[in-house]
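Secondary and tertiary structure notes
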Amino acid sequence: MSKKISLLVILAGLVTAAAIVLSIFFGGQKNLREEFDGDTSLSGIIDDYGFYDDDSEKFAELEAYVRDTAEMLEMNVIIYLSGDSGYYRTDDDIDDYAAKRYDDICGKDTDGVFLYLDICGKSPAYDLLSCSGKAGVIYGRDIVSIVETANSELPPSGHTISENQLTSAIINFCVTISSRYENYKPNSFRWEHDKYTGKYFYYKNGEFYVTKKAPPVLRLIIFAIASVIGAVIAIICYYAIRSRYKFKTSANPGIYVAHGETHFTDSSDTFIRSYVTKRKIESSSSSGGGGGGRSGGGGHISGGSHR
Amino acid sequence: MNAAEYKCPNCNADLKFDPELQKLSCEYCLSVFTVEEIKKICAEAENSIPKDSMVQSQQEFEDHNQLYHCSSCGADIMCDDRQTALFCYYCHNPVILSGKLSGAYKPSKIIGFKFTKDLAVEKFKNWINGKKFVPDDFKSEQQIEKITGLYVPFWIADCKINVNFSAIGKKIRHWSSGSYAYTETKEFRISRQGTVAANGIPADGESKIDDLLMESIEPFDYGELKDFSMSYLSGFYADKYDVDKAGVFPRIRTRASEASKKVVRDSIGSYSSLAVSVEQYNIMNTDWEYMMLPVWFMTYRYNDTVYEFAINGQTGKLAGTPPLDKGKLKSFCAAIGIAAAAGLYLIGGVIF
Ligand SMILES: [Zn+2]
Ligand SMILES: [Zn+2]
């Protein structure tokens, strides 16, 4: 009878586990990804600063280069040159601004990058790369180093930027993202997560996914951890109940002491010595910080670097 | 000198002189005495009560008991001669009449059953109802029918213990002043020397019954002790002891030492730490009484293990380890584990 029950329980456990594993790999996940439609007209350079106002030929040439890069990478590539309005933006504001501006131009969860070059003259300057869609997974791990290859061409903040410096920063950026793209191999054990929107970006079976739910690998890890904790709980439960099945305890021998018949010929507590030690009191303190965020937009993976 | 003229005050065996220790030692119960100690103890024992009507009551015992033997587990069961024992209280196999017990086995005292069989059965049922993981037939009426009223042979010891204890105790006080923390340590030399008495320590003389089980249903109220009479046995079984005084003495010694230790430790006030240098408890003298104490007893055989249960026939205190249906328990725990894992997975899915 109890054998039947244990078989049933084990069977139920196996079925549950199998169902979870199957749902992880084949369960319906709404892919929020917006595939790139080949339109490179959204890509280009946004010159809020007016840096190239006097050299529209150079600007057109650069923008064409950026659009070529976009065509090759099959994603939007936008380079933003901050103007006066950027002067009072904090680092977080820049992060937010880049994400929103990108979504406005190209749409939520489309594939693309948005490079914010902080050239309005504030110090320190903060350059940032915001990645959307598959760009998040491809560049996510190296995002800061990509920003650095671009802004290493620029002088330290406070110095005047020459046209040559800015041009080579943009070209360098395009070259870097192109070569990283070519060298990228989809890996199902890697995913990126935007903690503001809760979206995950990952490749599964060679296909790119943007989902609200965790990627299969992460869910498998959660499942494994949950199973281990469940097993530990079951084992603890087993030993706890088993130990409660003992109802034998030795009687306290103190109950047999004949209290009137205790005779101490010597019962003394003699003071021997005393000593005092002193120690300096150490003091310590600590402090913490907070943060904020955006929500409702597309998912972005971003990173930046100060100049 | 010839040491054999002295008897061990704890188990009554002959004492032998140990030249190495320069002391008298008992090879049965391992007690050790100096010659002076023994002389003193013997002198005190001289004026103890002479036995008068002993012989007559022993004769009555011999005439009216019947001894049955279980060839299956070796138990020797004694009954009043007006009833017949049919089954062994321990292994539930048929028993055969094997004769009569000699007067030497007559207990001096007895406590009669006070907790009735109906109460014992009810107590057992209530207790077992809360246990979900016992085998089903353990709860059956057939099993509960096996509860047997049994007089268990007990050796009851009154011990005099010599105490020798010394230790260093520390009292620690902390305070702070300005930016300094101070620690004051006061040291005391603690000494306790003297004698402690532990009276009425019981030890059952039946090797088959688990010692801890019998300790678990203690204490018995010796205030209700009566002189032994065969009439107490009618309707019950009694057991013939197979462990003598010397055999139970190690258990008595342990418990007497623990009792003395408690007296000593309780007499010591609160110290932050105690470093004990000497702690000796030597039993100097033991007075024995052989008696029968009432126990509702039941055994259950499961997976080749015999599970024993006992209810104090005087107070109703219950003890025993119920058989555990590991299959039932494992399924239950596995179900909990699976539920927990599934719950955690769902929570994990919400968080991530
Ligand atoms: Zn002895
Ligand atoms: Zn038997």
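As the structure is a prediction and not an experimental result, all values here were calculated from the model. (Residues numbered from 1 in each chain as written. Chains lettered and ligands numbered in written order. Predicted model: local features only at pLDDT ≥ 70, side-chain atom pairs only at ≥ 80, totals over all residues. Heavy atoms only, no water.)

Right, let's get into the coordination of the zinc ion (ligand 2). Residue and element names in this part refer to chain B. All of the protein donors around the zinc ion (ligand 2) are Cys70 (SG), Cys73 (SG), Cys88 (SG) and Cys91 (SG); their distances to the metal are 2.2 to 2.3 Å. Taken together, the 4 donor atoms coordinating the zinc ion (ligand 2) and their angles of 96 to 118° define a geometry best described as tetrahedral. One chain supplies every donor for the zinc ion (ligand 2), spaced along it as C-x2-C-x14-C-x2-C. Exposure remark for cysteine 70: the relative accessible area of 0% places this residue in the buried category. The exposure class of cysteine 73 is partly exposed, given its relative accessible area of 25%. (Donors = N, O, S within 2.8 Å, 3.2 Å for Na, K, Ca; no water. Tetrahedral: all angles 85-135°; square planar, octahedral: opposite > 155°, others 65-115°. Buried < 20%, exposed > 50% of the residue type's maximum accessible area, 1.4 Å probe, protein only.)

Moving on: the pattern of salt bridges. Scanning all chains against the criterion turns up 25 salt bridges over all chains. In this structure, B:Glu187 and A:Arg273 form a salt bridge, with 3.1 Å as the shortest nitrogen-oxygen distance. Linking B:Glu187 in strand β9 (residues 180-204) with A:Arg273 in strand β8 (residues 263-280), this pair reaches from one chain into another. Residue A:Arg273 is classed as partly exposed on the basis of its relative accessible area of 43%. In this structure, B:Lys7 and B:Asp14 form a salt bridge, with 3.0 Å as the shortest nitrogen-oxygen distance. What makes B:Lys7 partly exposed here is its relative accessible area of 46%. Its relative accessible area of 37% is what places B:Asp14 among the partly exposed residues. Linked through salt bridges whose partners overlap, the residues forming this network are A:Arg273, B:Lys170 and B:Glu187. (Salt bridge = Lys/Arg side-chain N within 4 Å of Asp/Glu carboxyl O. Helix = DSSP H or I, 4+ residues; strand = E, 2+ residues; numbered from the N terminus.)

On to the confidence of the model for chain B. For chain B, per-residue confidence averages 85 on the pLDDT scale, and residues scoring 70 or more make up 95% of the total. Taken element by element, the predicted model of chain B shows its lowest mean pLDDT in helix α1 (residues 35-46) of chain B (74) and its highest in β9(B) (93). (pLDDT = per-residue confidence, 0-100.)

Turning to the sheet that holds strand β9 (residues 300-306) of chain A, a few remarks are in order. Residues and elements named next belong to chain A. Strand order across the open sheet formed by 5 strands is β1-β2-β3-β4-β9, with mixed pairing between neighbours. For this open sheet the edge positions go to β1 (44-47) and β9, each flanked by a neighbour on one side alone. Neighbour to neighbour, the strand axes of the sheet diverge by 15° on average, direction disregarded. Alignment of strand β3 (residues 112-117) against strand β4 (residues 126-132), held across 5 bridges, turns out to be antiparallel. Bridge pairing links leucine 115 to leucine 129 in β4. Helix-sheet contacts for helix α2 (residues 56-73) involve β1 and β2 (76-81), and the interaxial angle to β1 is about 135°. Packing of helix α3 (residues 91-106) onto the sheet brings it into contact with β1, β2, β3, β4 and β9, and relative to β4 it is tilted by some 40°. (Pairing = 2+ DSSP bridges. Axes fitted to C-alpha atoms, helices over the stretch in contact; angles between N-to-C directions. Contact = heavy atoms within 4.5 Å.)

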